[in-house]
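Below, each chain spelled out in residue letters.
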Amino acid sequence: MPQKVIVDPVTRIEGHLKIEVEVEGNKVVDARTSGTLFRGLELIMRGRDPRDAQQIMQRICGVCPVAHATAGTLALDSAFGIEPPKNGRIIRNLIFGSNFLQSHILHFFHLAALDFVKGPDVPPFTPRPEGDFRLPDAVNKVAVDAYIEALNMRRKCHEMLAIWGGKVPHIQAVVPGGVTEKPDAQKIADFLSRLNEVSAFIDNTYIPIVKAVAGVYPDLWEVGAGCKNMLAYGGFPMEEGKDHVKKKKFFPSGIRYGNGTGIAFDPAKITEEVAYSWYADDTGGTTPNMAVVSPEPRKKDAYSWLKSPRYNGQPMEVGPLARMWVMEQSDVKALGDKAFSVLGRHFARAIEAKMVAEEMKKWLLELEIGQPVCTPHEIPNEAQGMGLCEAERGALGHWHKIGHGRTDVLNAVVPTTWNAGPRDGEGQLGPMEQALVGTVVADVNNPVNLVRIVRSMDPCFGCAIHIMTPDKKVIAQYTID
Ligand code: NFE
C-alpha cells in the first residue's frame, strides 16, 4: 500500500505550492504538484489601453517583473509593427540582465542554498530539514557569510536596474518601440562599477559555493532528472531588422529532447491544456492567443490552478538548464546525463549568471550616446502580437489581441506553468512531477530531497497563478503521514 506524503506549502519558493507524492518501497511512484492560488491578472487587462500591459502585467510578480514588462512590450512591438533602435534594444537587455542576476543570486543564496548550508539556529535559517548538512565547517561558514553579502549584491543589481529602469521592482522605462531612458557617460560608469562588483561575487563566491555543494552532495547529480525535454524561446536580442522571434539572441531558441540534436523552435506548436486544472474545459487545447480564462474551482479531478502547457503535445522543462542545454554550453554539455538533476540545474543557473554578467559589460560599451532609444508608433484598432523572451525561470510568452484599440485577450504562459503544471489529458505528468517520481524517500518524516528537487527548478507561483479565490480560506498546511 503506497504511503502518501504531502508537503504544503513548500517553503523558500515564491508563492504557494503543495506537493503530494505516493511512496512505495521507499520510492516515489506518483506525484502531483498543485498551485493553490488563482491567477486572474489577464482578466484585469480586458478592455484597457493595450499599452497598460507592460505596467499591469509586471504586477504578476515582484521577482521577475522585468520579464513581464519585456514580454508585454515585445507583444506590443509585434502588434504595432515596430522594433526598438539599437540603443533601445541594448538598454532593454541591460535592464533585463540586471534583474536576471538579482533573481539568480536570490534563488541560490536566500532560497535553495539553505537546503545544503546550515545557518545559525535562528530565523531565517530555521525551521529547516535536519540531518543532511555535509559542508565542512569552514566552507559552511563562508556560505553563511555569503547570505548577507548576497543581499548586498541584490541591492547593487537593483541599483543597476534603476539607472535605466527608474525604479525596482516595477520598472518604468520599457515601452513599445524601445525605452524612455537615454544613455550618457555617467550612467554607463555608474552601471559598470556596480556590475563589476556583482560579476566578481558571481566568480568568487556564487560559482565556488555551488561547486563546493556539488563536491559533498555527489548523489544529487542522480536525483530529480525530470522529463529531459528542454525548451528555450531565446532571450536577449542581439540585432535589429527582424521580428523579435527570429532575431539572433544571446540565448538561442530551440528544443532538445535529452541528448538528441537541437531542433528549431516553432511557436505554433505551443498549446495549453486544462484536463486537471481548475478551468472550464473549453479553455483547453487551444493555442495561447485564443485562450480564455474561465475558472471552475469545483471541477472534478482537477488539482491545480496552473494549466499544462505543451509543445507538440510534450511536457517541456524550461529555465537555466534548458537554455544551457539548448545552446550546448560547454561546461553544462560536459556533464552529460548528470545535467538532468538537482545539481545540474544549480550549476547551469550559476554558469549562465556568469555569462550574462560578462556579456552585459560588452553591451554597455555598444551604447551610442546621442542616438535614439525609441521608435514612434500609433495604436492600431485591430492587431495581434506575441512577445516571447527568456525570463529568469525560463521561457515566457505573452499573447495580446487588440480590438477597437483596446485589449481583447491577453494571455501569459509563464515558466513555472511549463515546469510545475499538472498532468494532461493523455496522463503525461508535468516536468516537476516527473522529476519527483523515482526519488528515494528514506524517511517520510523528512523528505528533504523532494523539496530540493522542487527548489532546483526555482518555481514562482506568483507568476504562474494569481489572486486568491474567496472560498479558499486555508492558505498554509503541512502534513506528513
Ligand atoms: Ni514570479 Fe517568473 C520568472 C516569469 S515565473 S518569477 O522568471 O515569467 O516562473
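Given the structure is predicted, the values throughout are model-derived calculations rather than measurements.

Some words on the packing of aromatic side chains
All chains considered together, the criterion is met by 22 aromatic pairs. A ring pair is formed by Trp 221 and Phe 347, whose centres lie 6.4 Å apart and whose planes are at 75°; its orientation type is edge-to-face. Placement of the pair is Trp 221 in the loop between α6 (185-216) and β6 (229-232) and Phe 347 in helix α9 (residues 342-365), with a sequence separation of 126 residues. Among the residues examined, Phe 347 registers a relative accessible area of 13% and is labelled buried. Aromatic rings pair up to connect Phe 96, Phe 100, Phe 236, Phe 250, Phe 251 and Trp 363 into one cluster.

Thoughts on the sheet that holds strand β1 (residues 3-7)
Pairing in this open sheet of three strands is antiparallel, and the strands run β1-β2-β3 from one edge to the other. Looking at the sheet topology across the chains shown, the edges are occupied by β1 and β3 (27-35). Pairs of neighbouring strands in the sheet enclose a mean axial angle of 20°, with direction left out of account. Bridge count between strand β2 (residues 17-24) and β3: eight bridges; the pairing is antiparallel. Among the inter-strand pairings, Glu 22 is bridged to a residue of β3, identified as Asp 30. Most of the contacts of helix α12 (residues 448-456) go to β2, to which it runs at about 135°, and overall it touches β1, β2 and β3.

Focus: the site of the ligand
If you check the shell around the ligand, you find Cys 61, Cys 64, His 68, Ala 391, Glu 392, Arg 393, Leu 396, Pro 415, Thr 416, Cys 460 and Cys 463 and nothing else. Between the ligand and His 68 there is a distance of 3.0 Å, counted from an oxygen atom to a side-chain nitrogen or oxygen. Thr 416 places a polar side-chain atom, nitrogen or oxygen, 2.5 Å from an oxygen atom of the ligand. Of the residues belonging to the shell around the ligand, the class tally is seven nonpolar, two polar and two charged.

Structural notes on the pattern of salt bridges
Tallied over the full model, the rule gives 37 salt bridges. Residues Asp 77 and Arg 92 are paired through a salt bridge, measuring 2.9 Å at the closest nitrogen-oxygen approach. Residue Asp 77 is found in helix α3 (residues 65-80), and its partner Arg 92 is found in helix α4 (residues 86-112); the two are separated by 15 residues along the sequence. Residue Asp 77 is classed as buried on the basis of its relative accessible area, which comes to 4%. Members of the salt-bridge network, linked through shared partners, are Asp 132, Arg 134, Asp 219 and Arg 452.

Some details on the side chain of His 107
Its place among the elements puts His 107 in helix α4. Of the residues examined, His 107 reaches a relative accessible area of 2% and is grouped as buried. Reaching out from His 107, the side chain makes a polar contact with the side chain of Arg 349 at a distance of 3.3 Å. In this structure His 107 touches Ala 112, Ala 113, His 346, Arg 349, Arg 455 and Asp 458, once residues within four positions along its chain are discounted.

Observations regarding the packing of helix α5 (residues 137-165) against α6
Running from N to C, α5 and α6 cross one another at 155°; their axes reach a closest spacing of 9 Å. Classified by the interaxial angle, the pair formed by α5 and α6 is roughly antiparallel. Crossing hand, α5 versus α6: left-handed. By residue class, the composition of the contact of α5 with α6 is 17 nonpolar, one polar and seven charged.

Describing α12
By the criterion of burial, α12 is predominantly enclosed, with nine of the nine residues buried. For α12, every residue scored as buried is listed here: Val 448, Asn 449, Leu 450, Val 451, Arg 452, Ile 453, Val 454, Arg 455 and Ser 456. Taken together, the buried residues of α12 touch β1, β2, β3, α4, α9 and α11 (431-436).

Regarding the sheet that holds strand β13 (residues 394-403)
Sheet architecture is open: three strands sit in the order β12-β13-β14, paired in antiparallel fashion. In this open sheet, the two edge strands, each paired with only one partner strand, are β12 (383-391) and β14 (406-413). Each adjacent strand pair in this sheet contributes to an overall mean axis angle of 15°, direction not counted. Taken together, the seven bridges between β13 and β14 define a ladder with antiparallel strand orientation. The partner of Gly 403 across the bridge, within β14, is Arg 406. Strand contacts of α3: β12 and β13, with the helix running at about 145° to β12, the strand carrying the most contacts.

A word on the packing of α9 against α12
Packed helices, taken two at a time, are described by the angle between their axes plus the distance between the axes. Relative to each other, α9 and α12 sit at 30°, their axes nearing to 9 Å. Relative to α12, α9 is oriented roughly parallel. As for how α9 packs across α12, the hand of that crossing is left-handed. Taken together, the residues of α12 that come into contact with α9 (itself represented by Val 342, Arg 345, His 346 and Arg 349) are Arg 452, Ile 453, Arg 455 and Ser 456. Considering only residue class, the contact of α9 with α12 consists of two nonpolar, two polar and four charged.

Some points on the pairing of strand β11 (residues 308-311)
The alternating pattern of β11 places Ser 308 and Arg 310 and Pro 309 and Tyr 311 on opposite faces, both of which are buried. Note that strand β10 (residues 270-273) and β11 share four bridges and pair antiparallel. Paired with Thr 271 across the strands is Arg 310, a residue of β11.

Here's the deal with the confidence of the model for the chain
In the predicted model, the chain carries a mean pLDDT of 92, and the fraction of residues at 70 or more is 95%. Overall, residues 466-481 carries pLDDT values under 50, and its contacts beyond four positions in sequence, including any with other chains, amount to 37 contacts.

Definitions and cut-offs
Residues numbered from 1 in each chain as written. Predicted model: local features only at pLDDT ≥ 70, side-chain atom pairs only at ≥ 80, totals over all residues. Heavy atoms only, no water. Phe/Tyr/Trp six-rings, centres within 6.5 Å; stacked < 30°, edge-to-face > 60°. Helix = DSSP H or I, 4+ residues; strand = E, 2+ residues; numbered from the N terminus. Buried < 20%, exposed > 50% of the residue type's maximum accessible area, 1.4 Å probe, protein only. Pairing = 2+ DSSP bridges. Axes fitted to C-alpha atoms, helices over the stretch in contact; angles between N-to-C directions. Contact = heavy atoms within 4.5 Å. Near = heavy atom within 4 Å. Polar contact = N/O pair within 3.5 Å; in protein donor to acceptor, adjacent residues only side chain to side chain. Nonpolar A, V, L, I, M, F, W, Y, C, P; charged D, E, K, R; others polar. Salt bridge = Lys/Arg side-chain N within 4 Å of Asp/Glu carboxyl O. Parallel < 35°, antiparallel > 145°, perpendicular 65-115°, else oblique. Left-handed = near helix turned anticlockwise from the far one by under 90°. pLDDT = per-residue confidence, 0-100.

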